[in-house]
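What follows is each chain in one-letter form.
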Amino acid sequence: MLKNFGWKTIKKYKLEIAMLTPLVLYIIGLTFVPIFNTILMSFQDPLTKEFGTLDNYKYIFGRPEFKDAFKNTLLITAIGLTLEMTFGLIIALMLMKKFRGRGLFRAVLLVPLGVPTLVSAVMLTYVFNTNGYLNELLYRLNLIQVPIDWAGGGMKTILMIVVADMWKVTPMIVLLLLAGLESISDDVYEASAIDGASTWQTFWNVTLPLLKPSITIALILRAIDAFRIFELPMVLAGRSTPVLSTYAYQEYNSYNNPYTSAAGSTILLVLILIFILGYLFIVEREKGVK
Amino acid sequence: MVKGQENDRLAKIIRILFWPTVIMVLFFLLVPVYIMVKVSLSAPEDILTQHPPFLIHNFTWDHWIKVFESGNLWEPFKKSFTVATTTTILAIMIAAPASYVISRMPKKVKYITILTLFLTRMFPEVGIALPISVKFLELGLLDTNLGLVLAHLAKELPFIAWILVGTFETIPRELEQAAMVDGASRLTALTKVVFPISLSGIAVAAMFVWLDSWNEFTYALYLTLSDRTLPLQTYYYIMRGDWFQSAAYATILTIPVVIVTFFLQRYLKSGYLSGAIKG
């Protein structure tokens with residue numbers, strides 16, 4: 001279709017081109033151009049409007065909030081992905097068994113999918129507040145005497161955001177992995193049973209390798225969203241625990257500086273690209289070795 | 001589990017831990033929902049205390065009455081509803097024809113196009129929203145429904161195109177070719193044959209888009225000064241520390257989602273296509 005592109009081709013495919021053009025123009029105009037603008041702005045001098053300066057980056061690298069945001073984003077992504085994938089896999093494996101109440105279990109599992117992210121953040125503020133329900137539970141179990149300030153910053157705030165994120169997205173991972181598990185044929189399991197493989201050996205040598213494509217998809221989709229996390233830290237942690245997205249927002253909204261905000265967004269974009277390319281590179285190389 | 005694996009140590013541990021895990025997962029999933037509804041129905045002395053009870057001790061409708069009587073609900077509700085509906089209609093109109101073309105492309109070109117659509121997902125929303133917000137400020141589009149619809153479309157179009165390409169791929173080319181043999185033009189074949197068959201797929205995609213736009217927070221935050229959408233109104237009450245209003249608003253925000261998800265399930269089951277091929 002792209003070869004010999006000329007008037008003839010255009011004429012032949014004029015209906016197709018007319019149908020495709022609005023979408024292409026829109027995505028270029030309101031996604032690619034803005035992202036390109038953001039990258040340009042991050043190299044633009046706020047006062048003289050000249051391009052090619054690194055001042056915006058120097059400025060944000062000097063801000064303690066930015067260093068925090070960078071560290072928090074990486075921590076939330078790393079801890080969140082590990083826990084979500086682990087629990088997602090466990091729950092998916094459980095759903096492969098037949099047991100009483102499986103239908104109910106599956107239905108309840110879909111509940112977080114139907115709850116808006118913002119609402120899940122609201123729910124978890126009630127749980128994690130200083131006079132919230134988690135502290136009350138811990139108090140009644142005699143585990144704590146003084147309420148914990150979960151939103152106060154540091155590791156416990158990161159854990160709080162991770163738990164909130166887990167609540168919302170683990171079901172999605174379960175569905176993705178379940179689709180993968182269901183596509184593995186029973187024959188493979190029977191063969192491994194005949195060979196006398198233990199439960200662990202079957203899981204490690206049969207299930208996991210066959211599930212790898214589903215895991216890759218779930219991991220990449222989730223990693224992108226975890227890097228871009230915005231609503232949950234906004235609502236749950238406010239300014240005590242910034243992440244890159246909320247940092248970029250604050251630079252624009254509170255300090256009215258679109259240029260440093262653009263620099264923050266650009267770093268986030270680079271981080272996401274490095275992760276995905278790095279991950280695909282490792283996965284592809286492993287294939288080559290085998 | 002297949003025979004022979006039932007009695008090693010791991011299998012025993014799994015059997016012992018199975019039901020406790022089921023119960024803990026159910027608990028973890030349901031408790032936050034319960035707490036939200038509970039907060040919206042509890043008197044302040046149940047909530048604003050050092051040691052809140054787990055059950056509702058003092059039931060009240062006060063917060064809900066306040067939500068409806070304060071007059072702060074209708075405007076954000078109307079804005080969110082209008083924006084979500086307009087976004088959905090425009091998204092279908094732009095994405096459906098294009099997705100059809102993409103689904104009929106040669107394999108390699110199609111793969112690259114879909115990958116490009118996926119690429120847009122990797123862009124941080126704050127990076128897209130920033131220049132849009134700066135631009136819309138100049139154009140006077142902040143706080144308008146139009147501005148928000150334009151921004152939401154940018155978010156939804158790649159997503160809906162992605163779903164619809166999958167829908168159109170399942171429709172065999174033979175159907176439209178048969179229509180053209182019978183003398184229909186390409187355009188007629190599309191509008192009279194292909195689109196009616198893909199209607200259920202389009203409906204599902206439309207509902208996803210509607211929900212996503214209804215819940216959308218980031219772009220709304222960047223593009224709003226005073227005329228809040230429903231998610232922003234909820235956020236506003238959270239920031240003011242008003243637990244009861246935020247709980248009630250969050251519940252209101254969730255209700256349409258529950259309803260639409262319910263309809264979505266019915267659509268997902270319909271075997272629209274199999275009949276068309278056989279007939």
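All values reported here derive from a predicted model rather than from experimental measurement. (Residues numbered from 1 in each chain as written. Chains lettered and ligands numbered in written order. Predicted model: local features only at pLDDT ≥ 70, side-chain atom pairs only at ≥ 80, totals over all residues.)

### Let's talk about the overall build of chain B
Then, number 1: When helices and strands are counted, chain B shows 14 helices and zero strands.
Then, number 2: Ordered by position in the sequence, the α and β elements of chain B form the string α-α-α-α-α-α-α-α-α-α-α-α-α-α.
Then, number 3: Relative to a compact globule of 279 residues, whose C-alpha radius of gyration would be 19 Å, chain B shows 24 Å and is clearly more extended.
Then, number 4: Oriented by its inertia axes, the alpha-carbon framework of chain B measures out at about 75 × 70 × 35 Å.
Then, number 5: Across the 279 residues that make up chain B, the buried fraction comes to 39%.
Then, number 6: Considering only intrachain contacts with a sequence separation of at least 6, the fraction spanning at least 24 residues in chain B is 73%. (Helix = DSSP H or I, 4+ residues; strand = E, 2+ residues; numbered from the N terminus. Rg over C-alpha atoms; globule rule 2.2 N^0.38 Å. Buried ≥ 20, exposed ≤ 12 C-beta atoms within 10 Å, placed from the backbone. Contact = placed C-beta atoms within 7 Å.)

### Some points on the overall build of chain A
Then, number 1: In terms of regular secondary structure, chain A is built from 13 helices and zero strands.
Then, number 2: Taken from the N to the C terminus, the helices and strands of chain A come in the order α-α-α-α-α-α-α-α-α-α-α-α-α.
Then, number 3: Relative to a compact globule of 290 residues, whose C-alpha radius of gyration would be 19 Å, chain A shows 24 Å and is clearly more extended.
Then, number 4: Considered along the principal axes of its C-alpha atoms, chain A spans approximately 70 × 70 × 40 Å.
Then, number 5: The proportion of buried residues among the 290 residues of chain A is 38%.
Then, number 6: Across chain A, every contact between residues at least 6 apart in sequence was considered, and the portion connecting residues at least 24 apart equals 71%.

### Quick word on the environment of A:M172
Residue and element names in this part refer to chain A.
Then, number 1: Locating M172 in the fold gives a position in helix α8 (residues 155–182).
Then, number 2: For M172, a count of 18 C-beta atoms within 10 Å corresponds to the partly exposed category.
Then, number 3: With 58 residues separating them along the chain, M172 and F230 place their C-alpha atoms 18 Å apart.

### Quick word on helix α10 (residues 199–227) of chain A
Residue and element names in this part refer to chain A.
Then, number 1: The first and last C-alpha atoms of α10 sit only 35 Å apart over 29 residues, clearly below the 42 Å expected at 1.5 Å per residue.
Then, number 2: At K212, α10 shows its maximal kink, close to 55°; a proline, P213, follows between one and four residues later.
Then, number 3: Along α10, the residues that are buried comprise T202, L211, S214, A218, R222, A226 and F227. (Expected span 1.5 Å × (residues − 1). Bend = angle between axes of the 7 residues up to and from the residue.)

### Examining the interface of chain B and chain A
Then, number 1: Facing the 69 residues of chain B at the interface are 67 residues of chain A.
Then, number 2: Listed by contribution, the elements that provide at least two residues to the side of chain B that touches chain A are α1 (9–41), α4 (74–103), α5 (107–122), α6 (125–139), α7 (145–169), α9 (186–197), α12 (230–239) and α13 (243–269) of chain B.
Then, number 3: Per-element accounting of the side of chain B that touches chain A gives the leading share, 14 residues, to α1(B).

### Side note on unusual backbone geometry
Residue and element names in this part refer to chain A.
Then, number 1: Positive phi, close to 65°, is recorded for K49, a residue that is not glycine.
Then, number 2: On the secondary structure map, K49 appears in the loop between α2 (14–42) and α3 (55–61).
Then, number 3: K49 gets classed as exposed once you count the C-beta atoms within 10 Å, which come to 9.
Then, number 4: Even without being glycine, N142 reaches a positive phi, approximately 65°.
Then, number 5: Note on placement: N142 falls in the loop between α7 (133–140) and α8.
Then, number 6: Residue class for N142 comes out exposed when judged on the 7 C-beta atoms lying within 10 Å of it.

### Section: the packing of helix α5 (residues 102–109) of chain A against α1(B)
Then, number 1: For the pair α5(A) and α1(B), the least separation of the axes is 10 Å and the interaxial angle reads 30°. As summarised for this structure, α5(A) and α1(B) are arranged roughly parallel, according to the angle between their axes. Read as a crossing pair, α5(A) and α1(B) show a hand that is left-handed. From α5(A), A:F105, A:V108 and A:L109 reach across to α1(B), where they touch B:V22, B:L26, B:L29 and B:L30.
Then, number 2: Taken together, the residues of the contact of α5(A) with α1(B) break down into seven nonpolar, no polar and no charged. (Axes fitted to C-alpha atoms, helices over the stretch in contact; angles between N-to-C directions. Parallel < 35°, antiparallel > 145°, perpendicular 65-115°, else oblique. Left-handed = near helix turned anticlockwise from the far one by under 90°. Nonpolar A, V, L, I, M, F, W, Y, C, P; charged D, E, K, R; others polar.)

### Details of the nonpolar core
Then, number 1: By size, the foremost hydrophobic cluster in this structure holds 116 residues, and its most contacted members are A:V122, A:L236, B:A95, B:L157 and B:A161.
Then, number 2: Here this core takes twelve residues from α7(B), the largest share from any one element.
Then, number 3: Taken domain by domain, this core gets at least three of its residues from each of domain 1 (9–60) and domain 2 (71–278) of chain B.
Then, number 4: Setting aside chain neighbours within four positions, we find B:A95 in contact with A:L23, B:L157, B:I160, B:A161 and B:L164. (Core = buried A, V, L, I, M, F, W, Y, C linked by C-beta atoms within 7 Å. Domains from an automatic or database assignment.)

### With respect to α2(A)
Residue and element names in this part refer to chain A.
Then, number 1: In this model, α2 (29 residues) spans 40 Å end to end at C-alpha, consistent with the 42 Å of a helix rising 1.5 Å per residue.
Then, number 2: Of all the bends in α2, the largest measures some 35° and sits at L20, one to four residues before the proline P22.
Then, number 3: Along α2, the positions that sit buried rather than exposed are M19, L23, Y26, I27, L30, T31, P34, I35, N37, T38, M41 and S42.

### Some remarks on the domain arrangement of chain B
All names here are of chain B.
Then, number 1: If you check the domain split of chain B, you get domain 1 (9–60) and domain 2 (71–278).
Then, number 2: On a C-alpha basis, the centres of domain 1 and domain 2 stand 34 Å from each other.
Then, number 3: Contact with domain 1, which involves five residues of that partner, is made by six residues of domain 2.
Then, number 4: Of the residues forming the side of domain 1 that touches domain 2, the biggest block, four residues, is contributed by α1.

### A short note on the confidence of the model for chain B
Residue and element names in this part refer to chain B.
Then, number 1: Averaged over all residues, the pLDDT of chain B equals 85, while 92% of them reach at least 70.
Then, number 2: When the criterion is pLDDT under 50, residues 268–279 qualifies, and its contacts beyond four places in sequence or with other chains add up to nine contacts.
Then, number 3: Among the scores for the predicted complex, ipTM is 0.86 and pTM is 0.86. (pLDDT = per-residue confidence, 0-100.)

### Re the environment of B:L146
Then, number 1: With respect to the element layout, B:L146 can be found in helix α7.
Then, number 2: Each C-alpha atom of the pair B:L146 and B:T86 lies 9.0 Å from the other, and the pair is 60 residues apart in sequence.

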